[in-house]
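# Chain and residue survey
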Amino acid sequence: MLRIVNPATEEVIREVPCDDSDSLQEKYNRLRSGSTAWRQVPLAERILILRRFGEMLEHQTHNLAAILTAEVGKPLQQSRNELGGARQRIQWLTDHATPYLSDEVMNEAPGLKEIIRYEPLGVVCNISAWNYPYLVGTNVFVPALLAGNAVLYKPSEFATLTGLEIERMMHDAGVPHDVFIAATGGKDVGETLLDMPFDGYFFTGSYRTGKYIYERVSRKMVPCQCELGGKDPLYVTDDIADVKAVAAGTADGAFYNNGQSCCAVERIYVHEKVYDQYVDHFVKEVKGYVAGDPMGSVYLGPLTRKDQLVFLEDQVQEAVKRGARLETGGKRVEGKGYFFQPTVLTQVSNDMQVMQEESFGPIIGIMKVKNDEEAVKLMADTKYGLTASVYSKDEERALSILKRMNTGTGYWNCCDRVSAAVPWSGRLQSGIGSTLSHAGLRAFTHPKALHLKSS
Ligand code: NAD
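The rules behind each value
- Residues numbered from 1 in each chain as written.
- Predicted model: local features only at pLDDT ≥ 70, side-chain atom pairs only at ≥ 80, totals over all residues.
- Heavy atoms only, no water.
- Pairing = 2+ DSSP bridges.
- Helix = DSSP H or I, 4+ residues; strand = E, 2+ residues; numbered from the N terminus.
- Axes fitted to C-alpha atoms, helices over the stretch in contact; angles between N-to-C directions.
- Contact = heavy atoms within 4.5 Å.
- Near = heavy atom within 4 Å.
- Polar contact = N/O pair within 3.5 Å; in protein donor to acceptor, adjacent residues only side chain to side chain.
- Areas by Shrake-Rupley, 256 points an atom, 1.4 Å probe, with all protein chains shown as cover.
- Nonpolar A, V, L, I, M, F, W, Y, C, P; charged D, E, K, R; others polar.
- Domains from an automatic or database assignment.
- Phe/Tyr/Trp six-rings, centres within 6.5 Å; stacked < 30°, edge-to-face > 60°.
- Buried < 20%, exposed > 50% of the residue type's maximum accessible area, 1.4 Å probe, protein only.
- Expected span 1.5 Å × (residues − 1).
- Core = buried A, V, L, I, M, F, W, Y, C linked by side-chain atoms within 4.5 Å.
- Buried area = accessible area lost by both parts, 1.4 Å probe.
- Salt bridge = Lys/Arg side-chain N within 4 Å of Asp/Glu carboxyl O.

## Some remarks on the sheet that holds strand E10 (residues 232-236)
Strand order in the open sheet made by the seven strands is E12-E13-E14-E11-E10-E16-E17, with mixed pairing throughout. Looking at which strands have only one partner, the edges of the open sheet turn out to be strand E12 (325-328) and strand E17 (409-412). Neighbour to neighbour, the strand axes of the sheet diverge by 20° on average, direction disregarded. Bridge count between E10 and strand E16 (residues 387-391): three bridges; the pairing is parallel. If you follow Val236 over to E16, its bridge partner there is Tyr391. On top of the sheet, helix H11 (residues 307-321) reaches E12, strand E13 (343-346) and strand E14 (363-369); it is set at about 25° to E13, its chief contact.

Below, the structure written as C-alpha cells:
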C-alpha cells in the first residue's frame, strides 16, 4: 500500500494499492494488444481525443488543483497555473501534430517518390516526477499518444492521486482503457518496468535515477530519453535599467514552486556595479514572501518531500561554515509540515554545494562578478546543462554569453519558463533527448524511409 501524505499537515490522505510484477505484466499485455488498434486510429481522431483531455483540465481545474495541492503542497494558485500551462501545451501539440506527424515527401522525380513516414514506437513506458506532474506528464504522454503509441504511465509516488486523475480523464476523453494505463508505486515498481520489453522509455526525474535507467535500458536497444535536473545559472549585467524589477523577477525564478522546478534559477551572478542594489532588493522581496497553508493565498507552501529539509540544511551549513553570509532564512520551520524558510546566501564561492549540487528547494546563492568573462567562467563551471539566463538591455551581449553555455535552453531577460513551441532538452547531467516542439512530437516515432518507384 502506498500512503499518500499531505506535506502541509503530515496527515495520511489516502492509501492506494501498489502494483506488483503480476499486475504490471497484466497491464503490459493489455497495452500490447491495445496498441495495434490505436496506431490504426486516424491521426485526426487521436487529436480530437487529446483535445478533449485538454478541455477536461480546464473544466475540472477546481477539483484537480485541490488534489494536487493536497499531495505535493504547492500553493493552490500555482496548481491552477500548472493546469492552465498543461492545457496550453496540449493545445500546441494537438495544433501541430498533423504537420509534424504526417508523411513528408522529401524528393519527387518522374517515377520516384522518397517519403518519411513517422511510425509509432509501440508501447512506451513513462516514469515521471512529482514537481509538475501535469506539465512533465503532458510533455511525454500527449505526443506519445498522438503519434500512435500505447503508454504505461508511472507517476511519482508523491503524485499518485494526480496520476490516477490523469488516467481517469484520459479514459473519459476517449483514450481506450488498453492504450493508456497508470501504474502505482515507487522505486520497486519502476525497477520492474525496466525489466519489461517496452519499445521506449521516457523518464523525468533526478540525474541519479536517470543515469541508472539509461544504463539499464541501453541493453534493450530502444529509445530512452531522460529529462533530468539542473543547476541553472543567471547573470545580471551592469546595464539593466530597473534593478528592483529584475531582482523581483529573478527571485520569482528561484522561489516559484518553492524552487522545486527543474529550470528554477539555482545560482545568481551579479555584476559588481549593480550588486549591492540588486542584493538589497532581492532580499527585501524574499522576506516579503507569504508562506503557510497551501490551500490559502500564499506564495510558498511546504516542500513535497521530508528528506529535502535535511538536504537543504546541510547545504546552508556547509556554505556558512565556509564563509557564506546568510541574508535570510536558513532552516526548517518548526511544527507540522515540511516547511523551509526561503533562504538567501551571499559571499558564496562556486565550489560550495549550494553552487554545485541541485538544491531543488527555496534556497539561492548570489555571487559578485567583475565582468562578463568571469560570469561566463563561473556559469559554465557545472556538470549540468539545462538552462542559463542573462539579464541585460543589450541583446547581442546576452546572446554572445548564451552561445558559450552548454545548455539546452538560453534565456534573455527571462528565466524559469518553458514553451511548447521550442524543444525542451538538457545536456550533460541534465539529460538526453528533447520533448515539446516538432522534435518532441517526433521523439515518439521511428522515421521510416519509403522509396517508391512507380515502375
Ligand atoms: P526521482 O529520480 O527521485 O524519481 C523520478 C521517478 O523515478 C519516480 O517516479 C520514481 O518512483 C522513479 N524511480 C526511482 N528510482 C527508480 C529506479 N531505480 N528505477 C526506476 N524508477 C525509479 O526524481 P523526483 O524526485 O521525482 O524528481 C525531481 C527531479 O526531477 C529533480 O532533479 C528535477 O530537476 C528533475 N526534473 C527534471 C525535469 C526536466 O524536464 N528536465 C522536469 C521535472 C523534474
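Read on, since the account is not over.
## Remarks on the site of the ligand
Not every one of the 30 residues close to the ligand is listed here, only the nearest: Glu157, Ser206, Thr209, Leu228 and Glu358. Contacts to the ligand include Ser128, whose backbone N or O atom sits 2.8 Å from an oxygen atom. Here an oxygen atom of the ligand sits 2.6 Å away from a polar atom, N or O, in the side chain of Glu358. Surface burial for the ligand is 92%, taken as the share of its 860 Å² of free accessible area covered by protein chains. When residues of the shell around the ligand are traced back to their parent elements, those giving at least two are helix H7 (187-194), strand E8 (200-204) and helix H8 (207-218). Broken down by element, the residue count for the shell around the ligand peaks at four residues, all from H7. Across the shell around the ligand, the residue classes break down as 13 nonpolar, ten polar and seven charged. Each of domain 1 (2-228 + 430-453) and domain 2 (232-412) gives at least three residues to the shell around the ligand.

## Considerations on the packing of aromatic side chains
Here the structure, examined in full by the defined rule, presents 13 aromatic pairs. Ring geometry for Phe202 and Phe444: centres 4.3 Å apart, planes at 35°, overall tilted. Note that Phe202 is positioned in strand E8 and Phe444 in the loop between helix H15 (437-442) and strand E22 (445-453), a separation of 242 residues in sequence. Among the residues examined, Phe202 registers a relative accessible area of 2% and is labelled buried.

## Things to note about unusual backbone geometry
Excluding glycine, most residues fall at negative phi; most peptide bonds, likewise, are trans. The residue Gln347 is not glycine, and still its phi comes out positive at about 50°. For Gln347, the location among the structural elements is in the loop between E13 and helix H12 (353-356). Relative accessible area serves as the criterion here: at 52%, Gln347 is assigned to the exposed category. With phi around 60°, Leu436 is a residue other than glycine that occupies positive phi space. If you trace the backbone, Leu436 turns up in the loop between strand E21 (434-435) and H15.

## What to know about helix H3 (residues 61-72)
When the terminal C-alpha atoms of H3 are compared, their 16 Å separation across twelve residues agrees well with the 16 Å that a helix rising 1.5 Å per residue should span. Considered for burial, the residues of H3 that qualify are Thr61, Leu64, Ala65, Ile67, Leu68, Thr69, Ala70, Glu71 and Val72. Against the buried residues of H3 lie strand E1 (2-5), strand E2 (12-16), helix H2 (43-59), helix H4 (76-101), helix H5 (133-146) and helix H6 (160-173). Gly73 occupies a position one or two residues after H3 and carries a positive phi of about 85°.

## Concerning the sheet that holds E22
Read across the open sheet, the three strands follow the order E3-E4-E22; overall the sheet is antiparallel. A strand with exactly one partner marks an edge of an open sheet, and here the two such strands are strand E3 (104-109) and E22. Direction aside, the axes of adjacent strands within the sheet are offset by 20° on average. Bridge count for E3 against strand E4 (residues 112-120) is five bridges, and the pairing is antiparallel. Paired with Ala109 across the bridge in E4 is Leu112.

## A word on the nonpolar core
Phe53, Tyr278 and Phe282 are the most contacted members of the largest nonpolar core, which totals 108 residues. Examining the composition of this core, we find that nine residues originate from one element, H5, more than from any other. Counting the residues that make up this core, at least three belong to each of domain 1 (2-228 + 430-453) and domain 2 (232-412). Beyond its immediate stretch of four places on either side in the chain, Tyr278 contacts Val236, Val243, Val246, Ala247, Thr250, Ile268, Val270 and Ile366. Grouped together as the second largest cluster of nonpolar side chains are 28 residues, Tyr269, Ala324, Val390 and Met405 included.

## Looking at the domain arrangement of the chain
Looking at the chain, the domain boundaries give domain 1 (2-228 + 430-453) and domain 2 (232-412). Between the C-alpha centres of domain 1 and domain 2 there is a distance of 31 Å. Across the interface of domain 1 and domain 2, roughly 2,100 Å² is buried in total on both sides, 56% from carbon and sulfur atoms. Here domain 1 is connected to domain 2 by zero salt bridges. The interface formed by domain 1 and domain 2 holds 13 residue pairs in polar contact (both at pLDDT 80 or more) in total. Sorting the residues of the side of domain 1 that touches domain 2 by element identifies H3 and H4 as the ones contributing at least two each. Sort the elements by how many residues they give to the side of domain 1 that touches domain 2 and H3 lands first, with five residues. Grouping the constituent residues of the side of domain 1 that touches domain 2 by class yields 13 nonpolar, seven polar and three charged.

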